[in-house]
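Examining the three-dimensional arrangement
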Amino acid sequence: MLKFMVVLYKRSDLTREQFRRHLREIHGPLARKLPGLRKYVQNFVCADPRRKPGWDAIVELYFDDWSSMEAARASPQGTASDADVPAFADLSRTTWAAVDEVTVLV
């Protein structure tokens, strides 16, 4: 299983609520349509006065393998999902990577 993670920063002209709503209600349904997607998780930063990570959300997308991920991105659904990201995310700071997940404790 391949895990692809996206660290998202909201656009400065959006409120926290607008960013979250767009990710949940507009972008999420687009991403769910990616062919070969096995699991999709949205993680939002909790309000905590002692911890302010700077980023606003981390998204996890799971595929069978690298080629499945690349095929999903090249698909019409992937193109539509990618085209929506600038509507809510600051692309100058948002970053992504495929990662090796190591389970330490279950």
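Above this note sits the structure.
Predicted, not measured: the structure shown is a model, and the values here were computed from it.

Describing the overall build of the protein
A tally of helices and strands in the protein yields three helices and four strands. Reading the protein from its N end, one meets helices and strands in the order β-α-β-β-α-α-β. A compact globule built from 106 residues should have a C-alpha radius of gyration of about 13 Å, and the protein, at 14 Å, falls within 12% of that. A fraction of 73% describes how many contacts in the protein between residues 6 or more apart in sequence connect residues 24 or more apart. With an accessible surface of roughly 6900 Å², the protein has 55% of that area assigned to carbon and sulfur atoms. Within the protein, one finds 16 positive and 14 negative side-chain charges whose respective centroids are separated by 7 Å.

As for helix α1 (residues 16-32)
For α1, built from 17 residues, the straight-helix expectation of 24 Å at 1.5 Å per residue is met to within 8% by its first-to-last C-alpha distance of 22 Å. The largest bend in α1 is about 35°, located at Leu-23.

Quick look at helix α3 (residues 76-84)
Looking only at α3, the buried set comprises Gly-78, Ser-81 and Asp-84. Projected onto a plane normal to the axis of α3, the buried residues spread over an arc of 125° and lie on a single side. The outward face of α3, more than 90 degrees from its buried face, is lined by the exposed residues Pro-76 and Ala-83. Elements that come into contact with the buried residues of α3 comprise α1 and α2 (66-74).

Thoughts on the side chain of Ser-81
Relative to the helices and strands, Ser-81 is located in helix α3. Non-local contacts of Ser-81, meaning those with residues more than four positions away in its chain, are made with His-27, Leu-30 and Ala-31.

Reading the values: rules and limits
Residues numbered from 1 in each chain as written. Predicted model: local features only at pLDDT ≥ 70, side-chain atom pairs only at ≥ 80, totals over all residues. Heavy atoms only, no water. Helix = DSSP H or I, 4+ residues; strand = E, 2+ residues; numbered from the N terminus. Rg over C-alpha atoms; globule rule 2.2 N^0.38 Å. Contact = heavy atoms within 4.5 Å. Areas by Shrake-Rupley, 256 points an atom, 1.4 Å probe, with all protein chains shown as cover. Lys, Arg positive; Asp, Glu negative; His and termini not counted. Charge placed at Lys NZ, Arg CZ, Asp CG, Glu CD. Expected span 1.5 Å × (residues − 1). Bend = angle between axes of the 7 residues up to and from the residue. Buried < 20%, exposed > 50% of the residue type's maximum accessible area, 1.4 Å probe, protein only. Arc of directions from axis to C-beta.

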